[in-house]
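Secondary and tertiary structure notes
This is what each chain is made of:
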Amino acid sequence: MAFYFMIPLFASIFFIFLFNFLLNLFKSKKSRDLPLPPGTLGWPYIGETFQLYSQNPNVFFASKQKRYGSIFKTHILGCPCVMISSPEAAKFVLVTKSHLFKPTFPASKERMLGKQAIFFSQGQYHAKLRKLVLRAFVPEAVKSFVSNIESIAKDSLQSLEGRLITTFQEMKTYTFNVALLSIFGEDEVKYREDLKRCYYILEKGYNSMPINIPGTLFNKSMKARKELAQILAKIISTRRETKQEYNDLLGSFMGDKEGLTDEQIADNIIGVIFAARDTTASVLTWIIKYLGENPSVLQAVTDEQEAIVKGKEKCGEEQTLSWADTKKMPITSRVIQETLRVASILSFTFREAVADVEYEGYLIPKGWKVLPLFRNIHHSPEIFPDPEKFDPSRFEVVPKPNTFMPFGNGTHSCPGNELAKLEIMVLLHHLTTKYRWSMVGTNSGIQYGPFALPQNGLPIRLIRKS
Ligand code: HEM
Ligand SMILES: *[C@@H]1O[C@H](CO)[C@@H](O)[C@H](O)[C@H]1NC(C)=O
Ligand SMILES: *[C@@H]1O[C@H](CO)[C@@H](O)[C@H](O)[C@H]1NC(C)=O
């Protein structure tokens, strides 16, 4: 008797098993049953944050990669994340599947730079902003600024003659002025001091605790941000009255038919200054250090730059640089590339998976952070033999796709890269043809925060050649 009762029981158990089996089959197609990438998550909440910050972060990344391979999981700053360090994976995240990985930043940074800034945006709004930004920074547009950039470079260097300077500090002033030029055109000089004063307060709060009560750095910084927006609103309304056409970034933002709001313009102008200034200034600082340490490379760059000066003397041409001149600097260009590789000032970037994603048989769960580690790729001995060595000649061969990405790749790659390279070349032209410099103090240390920089910002003494 009991046996007959058992049949439906067995049957139902059987069906439950079958159902689960099918469900799992179906689910694993949807990737939920895939394993997570190898690696450890560390303590709850704090994860491996201390391991990351207690040492040079690059040592953390490199030792993880050595242990687990080019894709591994970890847990930092309260977020589980997957770090990737192969060219193929970087291409997957940044280029081919970029719609599955959105940019992500801490909320306090978004508030400071402006929620509607290009880095944080996606989809149609991002595409529209990107079109407007690129319009102002394509070679055709950047070309028209060569002589203005040159006079900023000459003035900067002249003001430093004979002085003991902190290279990074002075390069920040230079790259700030060039950024303002690219945003406001020749109007730049009128607003320079006011904008500088506010921006310098704003940035002091960038790495502070985001506590918004009177007296805190964050509160001061938010106040400076409001003042910046007011100055920008004034500039915008002055321009609206004159109805003139401008070929600078503000002109591009204001000329858009669909129209950006004043707030969107302000968020993006502050964002571009932020993206343009410290990045380019720290690359210049590293170049000056590497040239100082490699006399034969410095000689080759100086010879190349002097040849440009002499070429003009011969033809009786005016001694100002042209866009065409900047295309006659192959050695200087390779020094810039090699510096971008060795220093890798942006060692990685952040994305967040917007869905469960399968990569190479691993699951990257929805909501996890994904960090392409540019620096690990740039320091891989398989891609760049003897990677710690500074050797510009390695760029005589063009690197393979996605092995050299100082400006990122894909939808959010750097729209300012032409301008950055141009302003670096112009400064190096005048620096190497007219000046010599000596490094002061011990110079082997590196400081992190947020970019890698030579210790103390590289103190040097700058002397005019006789
Ligand atoms: C040597 C100096 C520079 C380096 C190494 C650099 C590097 C980068 C990288 C790697 C990204 C992509 C980040 C990501 O994918 O998450 C980026 C984005 C960006 N950069 Fe640069 N950059 C430099 C200079 C500049 C300059 C001079 C400007 C402006 C004139 C600029 C404007 C931007 C903007 C607006 C973005 C965001 C683009 C987007 O989200 O669509 N950068 N930069
Ligand atoms: C500074 O803090 C006060 C008090 O919390 C707040 O009312 C004010 O809005 C803050 N300032 C800015 C600019 O956010
Ligand atoms: C970006 O990705 C595309 C597609 O893989 C590739 O052709 C290109 O070379 C990459 N750019 C860089 C700088 O590696």
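Below: a short report on this structure. Not measured: the values here are computed from a predicted model.

1. Quick look at unusual backbone geometry
A positive phi angle is found at Ser344, which is not glycine, with a value near 30°. Within the secondary structure, Ser344 is located in the loop between helix H16 (330-343) and strand S5 (351-353). Residue Ser344 is classed as buried on the basis of its relative accessible area, which comes to 4%. At Glu360, a position not held by glycine, the phi torsion is positive, near 50°.

2. Some points on the coordination of the iron atom of ligand 1
Just one protein ligand coordinates the iron atom of ligand 1, and it is Cys414 (SG) at 2.3 Å. With respect to the secondary-structure elements, Cys414 resides in the loop between helix H17 (374-378) and helix H18 (417-434).

3. Structural notes on the site of ligand 3
Near ligand 3, the surroundings consist of Lys91, Val95, Pro401, Asn402, Phe404, Met405 and Asn409. A distance of 2.7 Å separates an oxygen atom of ligand 3 from a polar atom in the backbone of Asn402. In the environment of ligand 3, an oxygen atom lies 2.4 Å from a nitrogen or oxygen atom belonging to the side chain of Asn409. Look at ligand 3: alone it shows 360 Å² of surface, and the protein chains cover 58% of it. Looking at the shell around ligand 3 residue by residue, the classes come out as four nonpolar, two polar and one charged.

4. A closer look at the site of ligand 1
Around ligand 1, a shell composed of 25 residues is seen, among which His126, Arg130, Thr349, His412 and Cys414 lie nearest. In this structure, an oxygen atom belonging to ligand 1 sits 2.8 Å away from a side-chain N or O atom of Arg130. Contacts to ligand 1 include Arg351, whose side-chain N or O atom sits 2.8 Å from an oxygen atom. Those elements giving two or more residues to the shell around ligand 1 turn out to be helix H6 (123-137), helix H13 (262-293) and H18. In terms of residues, the shell around ligand 1 owes the most to one element, H13, which gives six residues.

Rules of the game
Residues numbered from 1 in each chain as written. Chains lettered and ligands numbered in written order. Predicted model: local features only at pLDDT ≥ 70, side-chain atom pairs only at ≥ 80, totals over all residues. Heavy atoms only, no water. Helix = DSSP H or I, 4+ residues; strand = E, 2+ residues; numbered from the N terminus. Buried < 20%, exposed > 50% of the residue type's maximum accessible area, 1.4 Å probe, protein only. Donors = N, O, S within 2.8 Å, 3.2 Å for Na, K, Ca; no water. Near = heavy atom within 4 Å. Polar contact = N/O pair within 3.5 Å; in protein donor to acceptor, adjacent residues only side chain to side chain. Areas by Shrake-Rupley, 256 points an atom, 1.4 Å probe, with all protein chains shown as cover. Nonpolar A, V, L, I, M, F, W, Y, C, P; charged D, E, K, R; others polar.

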